[in-house]
Amino acid sequence: MRSGRSTWFNQNFTEDAGVAEPIKGGAVRLATGDGEEPFIDVRDIADVAVATLTEPGHAGKRYELSGPRLLSWAEAVEEVARATGRAITYTPITPERQRADFVARGFPPQAVDVFLALFEHIREHRAEWLSDGVQQVLGRAPRDFRDYAKSIR
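Fair warning: this is a prediction, and the values are worked out from it, not measured in the lab.

Once that is clear, we can look at the packing of aromatic side chains. All chains considered together, the criterion is met by 14 aromatic pairs. Judged by centre distance (5.0 Å) and plane angle (65 degrees), the rings of Phe 13 and Phe 145 are edge-to-face. Pair noted here: Phe 13 is in the segment before α1 (20-25) and Phe 145 is in helix α7 (residues 145-150), with a separation of 132 residues, a long-range link. Assessed through its relative accessible area of 1%, Phe 13 is described here as buried. Since its relative accessible area comes to 2%, Phe 145 is described here as buried.

Below is the structure:
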């Protein structure tokens, strides 16, 4: 298990973080390669934050948070396609192509650099770790990406 922090949230598939628009358009092209990510639901992060701030026993503790399983972007996109009944494809692209795509979509240069760094982290398999922080704090497993995908309209 690698220690780290989740870099992508389930909600990135429906909020505008460079992914929602391609999901709606049916074609996701990212420079993430075959690396996997421990997608986490932002509601789990919020629930952990509330618990650690309002319940005793958390002072000075640090919890690593992740979703319950690792998914490649191809697998995550496939889950969304299956859950929504829509045809959505995932195509891995080079970082250079990714930069050109983001620039063409009007992303500011600083945002492009941040996205490319996040994708490199995934592409180089540095995001492949799971933690039990949600379970430790809330006494339950984190929400699964599949359940989130089912909520997408």
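Moving on from the coordinates now.
Time to look at the side chain of Thr 32. With respect to the helices and strands, the residue Thr 32 is situated in the loop between β1 (27-30) and β2 (36-37). Classification of Thr 32 as buried rests on a relative accessible area of 0%. Among the polar contacts made by the side chain of Thr 32, one reaches the side chain of Tyr 90 at a distance of 2.6 Å. Aside from chain neighbours lying at most four places away, what touches Thr 32 is Trp 73, Tyr 90, Phe 119, Ile 122 and Arg 123.

All right, on to helix α3 (residues 73-84) then. Between its first and last C-alpha atoms α3 spans 16 Å; for 12 residues at 1.5 Å apiece the expected length is 16 Å, and the two agree. Along α3, the residues that are buried comprise Trp 73, Ala 76, Val 77, Glu 79, Val 80, Ala 81 and Thr 84. The inward-facing, buried residues of α3 abut α1, β1, β3 (71-72), β4 (89-92), α5 (109-123) and α7. Of the residues one or two after α3, Gly 85 is the one with positive phi, at around 75 degrees.

The rules behind each value
Residues numbered from 1 in each chain as written. Predicted model: local features only at pLDDT ≥ 70, side-chain atom pairs only at ≥ 80, totals over all residues. Heavy atoms only, no water. Phe/Tyr/Trp six-rings, centres within 6.5 Å; stacked < 30°, edge-to-face > 60°. Helix = DSSP H or I, 4+ residues; strand = E, 2+ residues; numbered from the N terminus. Buried < 20%, exposed > 50% of the residue type's maximum accessible area, 1.4 Å probe, protein only. Polar contact = N/O pair within 3.5 Å; in protein donor to acceptor, adjacent residues only side chain to side chain. Contact = heavy atoms within 4.5 Å. Expected span 1.5 Å × (residues − 1).

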